[in-house]
Amino acid sequence: MPAGVQNIWLGFDGLRGFLGGELAEIEIVYDADFTHKKPADALAGDVALVYGPPHHTQGRFWWADQNTVMRVFYAEAPDPAQGPGAVSLRTAFQLVDTRLFNR
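Not measured: the values here are computed from a predicted model.

A. Expanded view of the packing of aromatic side chains. If you walk through the whole model with that rule in mind, you get one aromatic pair. Residues Y30 and F34 carry aromatic rings whose centres are separated by 3.9 Å and whose planes lie at 15° to one another, so their mutual orientation is stacked. Lying across the ring of F73, R60 places its NZ or CZ 4.0 Å from the centre. Directly above the ring of F73 sits R71, whose terminal nitrogen or CZ lies 5.6 Å from the centroid.

B. Looking closely at unusual backbone geometry. The backbone of Q58 shows a phi angle near 50°, a positive value even though the residue is not glycine. One can find Q58 in the loop between β3 (55–57) and β4 (60–64).

C. View of a nonpolar patch on the surface. A cluster of nonpolar side chains, M1, I8, L10, F12 and L23, forms an exposed patch at the surface whose accessible area comes to about 480 Å². With three residues, strand β1 (residues 5–13) is the largest single contributor of residues to the nonpolar patch. Examined against the element boundaries, M1 turns out to sit in the segment before β1. Judged by its relative accessible area of 67%, M1 is exposed.

D. Layout of the nonpolar core. Core analysis: the largest hydrophobic core is formed by 13 residues, its most contacted members being Y30, L43, V47, W63, V72 and F93. Looking at this core, the elements with two or more residues in it are β2 (22–30), α2 (40–51), β4 and β5 (68–78). With five residues, the single largest contributor to this core is α2. Judged by nonpolar contacts, the second largest core, of five residues, contains V29, F73, A77 and A92.

E. Fine view of the confidence of the model for the protein. With 91% of its residues at a pLDDT of 70 or more, the protein has an overall mean of 89. α2 holds the highest mean pLDDT among the elements of the protein, 97, whereas β1 holds the lowest, 89.

What counts and what doesn't
Residues numbered from 1 in each chain as written. Predicted model: local features only at pLDDT ≥ 70, side-chain atom pairs only at ≥ 80, totals over all residues. Heavy atoms only, no water. Phe/Tyr/Trp six-rings, centres within 6.5 Å; stacked < 30°, edge-to-face > 60°. Lys NZ or Arg CZ within 6 Å of the ring centre and 35° of its normal. Helix = DSSP H or I, 4+ residues; strand = E, 2+ residues; numbered from the N terminus. Patch = residues over 30% accessible without salt bridge, like charges linked within 9 Å, V, L, I, M, F, W, Y side chains within 5 Å. Areas by Shrake-Rupley, 256 points an atom, 1.4 Å probe, with all protein chains shown as cover. Salt bridge = Lys/Arg side-chain N within 4 Å of Asp/Glu carboxyl O. Buried < 20%, exposed > 50% of the residue type's maximum accessible area, 1.4 Å probe, protein only. Core = buried A, V, L, I, M, F, W, Y, C linked by side-chain atoms within 4.5 Å. pLDDT = per-residue confidence, 0-100.

Set out below in structure tokens:
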């Protein structure tokens with residue numbers, strides 16, 4: 001895993017998943033240290049330097065064009081150190097094919 005990353009999730013479009021579908025979503029959930037150093041609003045500020053000011057809806061920062069939606073937010077991540085079934089909020093970054101939003 002890249003430094004600072006706790007989980008990477010890939011989502012595929014189509015019934016056959018990764019065996020025949022197209023990559024439609026990538027979500028990166030950062031670990032606790034990264035989240036402490038760079039909360040979601042700080043990461044959104046960094047992304048805004050390149051892509052301009054984000055939209056902000058329900059705690060999520062997002063940018064969109066004709067093909068892609070890019071989002072920065074807090075994701076729930078399992079936190080076994082806090083007990084069974086416990087979760088902690090982690091900074092997350094997501095790229096999604098806009099076709100998923102147009103269904």
